[in-house]
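Coordinates in review
Okay, here's what each chain looks like letter by letter:
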Amino acid sequence: MGHGTNRVEDMASPNNGTTAPATANARETIVEIHSVCLPPKKTALQKLKKRFGDVFFPDDPLERFRNQTWRNRMILGLQSLFPIFTWGSQYDLKLLRSDVVSGLTIASLAIPQGISYAKLANLPPIVGLYSSFVPPLIYSVLGSSKHLAVGPVSIASLVMGSMLSESVSPTQDSILYLKLAFTSTFFAGLFQASLGLLRLGFVIDFLSKATLIGFTAGAAVIVSLQQLKGLLGIVHFTGKMQFIPVMSSVFSNRSEWSWETILMGLGFLAILLTTRHISMRKPKLFWISAASPLASVVISTLLVFLIRNKTQAISFIGHLPKGLNPPSSNMLYFSGSHLALAIKTGIVTGILSLTEGIAVGRTFASLKNYQVNGNKEMMAIGFMNMAGSCTSCYVTTGSFSRSAVNYNAGAKTAVSNIVMASAVLVTLLFLMPLFYYTPNLILAAIILTAVIGLIDYQAAYKLWKVDKFDFFTCMCSFFGVLLVSVPLGLAIAVGVSVLKILLHVTRPNTLEFGNIQGTQIYQSVKRYREASRIPGFLILAVESPIYFANSTYLQERILRWIREEEARIKENNGSTLKCIILDMTAVSSIDTNGIEALFELRRRLEKQSLQLVLVNPVGSVMEKLHKSKIIESLGLSGLYLTVGEAVADLSSTWKAHGQP
């Protein structure tokens, strides 16, 4: 259809969604009819290359290598693999001063949290400190975030502990349990690094925000309830992670409750919560909440040491070995009946820790206006976990609480992680005997204080206000974790999210358009009261690709639109329906099933003496329609660039032929 001008009537439309009479308020205007062009010709290889690049390389990582000398390309390649070389050359004493302060600050938080989170994963407390030494060093070289503070985190610790303890007892078979923990960490790192290397980061997008809000809240509640063992002084406590067994264990073991433990535990919990509240209200006082865990550990340890001869009711950690991380590559479990469990645990904890780490890194990067490369972060976190599994570490990632402290303490680069690791190194070499009398209750109080912030009720309320289905997903995740199990709760939530995707894919939205009076704009008649139907036309819009999963549904839905429109016309004695205009602006792609559905729809409408018109198909869709010959079957008046041009041209044609 070539360029040209036609003298047509521009239908002015009355308000309130009514049908505009054919002769009412009509005025003659000149409307230029534009042709719908085919996209530039490309070979199949060119199309495949472009599609491959759009899917896997949306950021075009090779762009900065173009038009560079070989020497510069080598330097850029080195900086790409090791981001430390990007900022290392500009590093100075002023930056070091800031990083030392922030590194020592987060070390005061990382040491007690490392011990606490290791116990949460049913691992020896010393493993938590090991995991706060090696991984931060590796991340400081490979990571692209300036503020991410690396170490054990509560959610990954809980998931690993709950999944492994379902099959292996951490007390009765501690060596096997430790082997599985290290092996799970290795597979978590392998999975994370593979996603980054293969640029498959979109896999973690299946964990929607609604899923994570519900999951973290449910996990936080379970973690909090598990800490009642330490806060109440219970010795015989359930190893299960569900709400009912945990609460049953709490009340069935009332005889083991220790008033000394309860009194001291609640006292330190109140102090920790108070300091956390102060720092939240006044961010400049961040150091109060950052220092309070370590200060609480020191004070509680001193108290237990002083009263050790007067009461035996308060349990404490006991002996912790001094020294650097022992190698654990010989403990990796690559064969046997529990290998599948280790792989499954590694993948689940890997996804969760990766999601948290990247989200935290991007959050603080946006505050300082720099970019965190998602694929580099996946590789950095993956490689540090693989290396960690060989040096007696379990799954680590960027912690939100420690990263927030790191940011507020004025961290400038990843050197803050090196400083933190150095502080942990000093602790491992010289200070371990000082933790002998550290009470378990203070570890429980530290964990409780940390996980309370994971219950984001405001975000859940916002989901309820904005999207009820997302809120339903959130609640499925929350109650699944709380009542069923941590991994199954996560699986239920992901399943609901996938169901939502399938519903959008297989049952896409269709709209009826009308003309907004005095304009060439066509919009939904339900959304805009001033949008009016045009006599003789049914204008529909499809808001999704058309392919095998929804082509049959769309065909049936369009036919239903036609029946409803004809019934409305008959009821109101309106003008006969002559033309169905299908606005394809939002149809981003179409496959052979979709094309066949359009062929079938055209044939069925032809039998009813109705014309099918397509409007504004995008380039790739237009190309497929052209190759399938459907454009030829529609005729010269079957394809237009805009709805306004279609209505104007067809109306003038009908008028020229004397049709009403």
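Since the model is a prediction, treat every value here as computed from it, not as a measurement. (Residues numbered from 1 in each chain as written. Predicted model: local features only at pLDDT ≥ 70, side-chain atom pairs only at ≥ 80, totals over all residues. Heavy atoms only, no water.)

1. Let's talk about the overall build of the protein chain
The condition is simple: Helix and strand definitions follow DSSP, with helices as H or I runs of at least four residues and strands as E runs of at least two, each counted in order from the N terminus. Each residue's exposure class comes from its accessible area (1.4 Å probe, protein chains only) as a fraction of the maximum for that residue type: buried when under 20%, exposed when over 50%, partly exposed otherwise. Any two residues whose heavy atoms approach within 4.5 Å are treated as being in contact. When charges are tallied, Lys and Arg are placed among the positive residues and Asp and Glu among the negative ones, while His and the ends of the chain are skipped. We put the charge of a Lys on NZ, of an Arg on CZ, of an Asp on CG and of a Glu on CD.
The helix and strand tally for the protein chain stands at 26 helices and 11 strands. For the protein chain, the spread of C-alpha atoms along the principal axes amounts to about 110 × 65 × 55 Å. For the protein chain, the residues scored as buried account for 51% of the 660 residues in total. Put simply, 79% of the contacts in the protein chain that link residues at least 6 apart link residues at least 24 apart. Here the protein chain holds 58 positive side-chain charges and 37 negative ones, and the gap between their average locations is 10 Å.

2. Structural notes on the layout of surface pockets
To keep it simple, the criterion reads: With a 1 Å grid spanning the protein atoms alone, the term cavity applies to any set of points in which a 1.4 Å probe fits but cannot get out, the term pocket to an open set with protein on both sides within 12 Å along at least five of seven lines, and the term lining residue to any residue with an atom within 4 Å of a point. Grid points are joined across faces, edges and corners, and a volume is the space filled by probe spheres set on the points. Classification used: nonpolar for Ala, Val, Leu, Ile, Met, Phe, Trp, Tyr, Cys and Pro, charged for Asp, Glu, Lys and Arg, polar for all others including Gly.
Here the second largest pocket defines a volume of roughly 1200 Å³. Along the walls of the second largest pocket sit 43 residues, with K119, N122, T171, Q226 and K229 positioned nearest its centre. Where the lining of the second largest pocket is concerned, the elements lending two or more residues are helix 4 (93-120), helix 7 (154-165), helix 8 (174-197), helix 10 (228-232) and helix 18 (440-452). Looking at the lining of the second largest pocket element by element, the count peaks at five residues for helix 18. The residue inventory of the lining of the second largest pocket, partitioned by class, reads 21 nonpolar, 18 polar and four charged.

3. Looking at a positive patch on the surface
Selection criterion: Surface patches are drawn from residues lacking salt bridges whose relative accessible area is over 30%; two like charges belong together within 9 Å, two nonpolar side chains (Val, Leu, Ile, Met, Phe, Trp, Tyr) within 5 Å. The method behind every accessible area is Shrake-Rupley, applied with a 1.4 Å probe, and residues are considered shielded solely by the protein chains displayed. Throughout this description, the term salt bridge denotes a Lys or Arg side-chain nitrogen within 4 Å of a carboxyl oxygen of Asp or Glu.
Positive charge collects at one region of the surface, where K94, R97, K368 and K412 lie side by side. Its place among the elements puts K412 in the loop between helix 16 (400-408) and helix 17 (415-431).

4. A short note on the UniProt feature "domain: STAS" (unreviewed entry) in the protein chain
The criterion, for reference: UniProt positions are given in the numbering used here, feature names are shortened, and annotations may be inferred rather than shown by experiment.
With numbering matched to this structure, UniProt assigns "domain: STAS" (unreviewed entry) to residues 527-650. For residues 527-650, the end-to-end C-alpha separation is 26 Å, with 48% helix and 16% strand making up the annotated structure.

5. Thoughts on the domain arrangement of the protein chain
Quick note on the threshold: The source of the domain bounds is an automatic or database domain assignment.
Split by domain assignment, the protein chain resolves into domain 1 (93-451) and domain 2 (508-657). For domain 1 versus domain 2, the separation of C-alpha centres amounts to 58 Å.

6. Section: the pairing of strand 9 (residues 579-583)
Here is the rule we go by: When DSSP finds at least two bridges between two strands, those strands are taken to pair. Handedness rule for crossovers: strands pointing away from the viewer, path from the first strand over the helix to the second running clockwise, crossover right-handed.
Buried residues dominate strand 9, accounting for five of its five residues. Residues of strand 9 alternate between two faces, with C579, I581 and D583 on one and I580 and L582 on the opposite face, all of them buried. Of the pairings in the sheet, the one linking strand 8 (residues 537-542) to strand 9 comprises five bridges and is parallel in character. Of the residues in strand 9, the one forming a bridge with L540 is L582. Traced from strand 8 through helix 22 (residues 551-572) to strand 9, the parallel crossover comes out right-handed. Relative to strand 10 (residues 611-615), strand 9 runs parallel, the two being bridged by five bridges. Directly across from I581, in strand 10, lies its bridge partner V613.

7. Examining empty space enclosed by the protein
For the structure on display, the rule yields two cavities of 30 Å³ or more. Of the pockets and cavities examined, the largest cavity occupies roughly 60 Å³. In terms of lining residues, the largest cavity is bounded by V542, I546, S551, L554, Q555, I558, L582, G594, A597, L598 and L601. Elements supplying a minimum of two residues to the lining of the largest cavity: helix 22 and helix 23 (592-607). Tallied by class, the residues present in the lining of the largest cavity amount to eight nonpolar, three polar and no charged.

8. Comments concerning the pairing of strand 5 (residues 510-516)
Look at any regular strand and the pattern is simple: side chains alternate between the two faces of the sheet. Burial analysis of strand 5 places six of its seven residues in the buried class, the great majority of the element. Of the strand pairs in this sheet, strand 5 and strand 8 are connected by four bridges, and their pairing is antiparallel. Note that in strand 8 the partner of L511 across the bridge is A541. With three bridges connecting them, strand 5 and strand 6 (residues 522-524) associate as antiparallel partners. From the neighbouring strand, F513 faces strand 6, where its bridge partner is S524. In this sheet, strand 7 (residues 531-532) lies alongside strand 5 in antiparallel orientation, the contact comprising two bridges. Bridging from a neighbouring strand, N515 pairs with S532 of strand 7.

9. Some words on the packing of helix 9 (residues 209-226) against helix 18
To be explicit about the condition: Note on definitions: angles span 0 to 180 degrees between N-to-C directions of axes, and those axes are lines fitted to C-alpha atoms, for helices only across the stretch in contact. Roughly parallel covers angles under 35 degrees, roughly antiparallel covers those over 145, roughly perpendicular covers 65 to 115, and oblique covers all other angles. Handedness of a helix crossing follows the sense of rotation of the near helix relative to the far helix, less than a right angle counterclockwise being left-handed and clockwise being right-handed.
The N-to-C vectors of helix 9 and helix 18 enclose an angle of 165 degrees; their axes lie 9 Å apart at closest approach. Compared by their axis directions, helix 9 and helix 18 come out roughly antiparallel. Handedness of the crossing formed by helix 9 with helix 18: left-handed. Facing helix 9, whose interface residues are A220, V223 and S224, helix 18 presents I447, L448 and V451. Considered class by class, the residues forming the contact of helix 9 with helix 18 number five nonpolar, one polar and no charged.

10. Brief notes about the pattern of salt bridges
Using the criterion set out here, one finds 12 salt bridges in the structure. Of the charged contacts in the structure, one is a salt bridge between D467 and K500, with a shortest N-O distance of 3.4 Å. Note that D467 is positioned in the loop between helix 19 (457-466) and helix 20 (468-484) and K500 in helix 21 (residues 486-506), a separation of 33 residues in sequence. D467 gets classed as partly exposed once you look at its relative accessible area, which sits at 25%. With a closest N to O distance of 3.2 Å, R602 and E606 form a salt bridge. Of this pair, R602 and E606 both sit in helix 23, four residues apart, which is roughly one turn of the helix.

11. Considerations on unusual backbone geometry
The phi torsion at N369 lies on the positive side, around 60 degrees, for a residue other than glycine. Locating N369 in the fold gives a position in the loop between helix 14 (339-367) and helix 15 (374-389). Backbone geometry places N573, a non-glycine residue, at a positive phi of 55 degrees. By the secondary structure assignment, N573 is in the loop between helix 22 and strand 9. Owing to a relative accessible area of 71%, N573 belongs among the exposed residues under this scheme.

12. Observations regarding the environment of G103
Of note, G103 is situated in helix 4. Judged by relative accessible area, G103 falls into the buried class, the value being 0%. When the C-alpha positions of G103 and F537 are compared, they lie 69 Å apart, and in sequence the two are 434 residues distant. If we ignore the near neighbours within four places in the chain, the residues touching G103 are S416, V419 and M420.

13. Observations concerning the state of the cysteines
Which entries qualify depends on this criterion: In plain terms, two cysteine sulfur atoms within 2.5 Å form what is called a disulfide here.
Tallying each qualifying case throughout the model produces zero disulfides. No disulfide involves C476; its sulfur sits 9.3 Å from that of C474, the nearest cysteine. Residue C476 is classed as buried on the basis of its relative accessible area of 17%.

14. Observations regarding the side chain of N417
Mapped onto the fold, N417 is located in helix 17. For N417, a relative accessible area of 1% gives the class buried. Beyond its immediate chain neighbours, meaning those up to four positions away, N417 contacts P136, Y139, S140, L148, A149 and V150.

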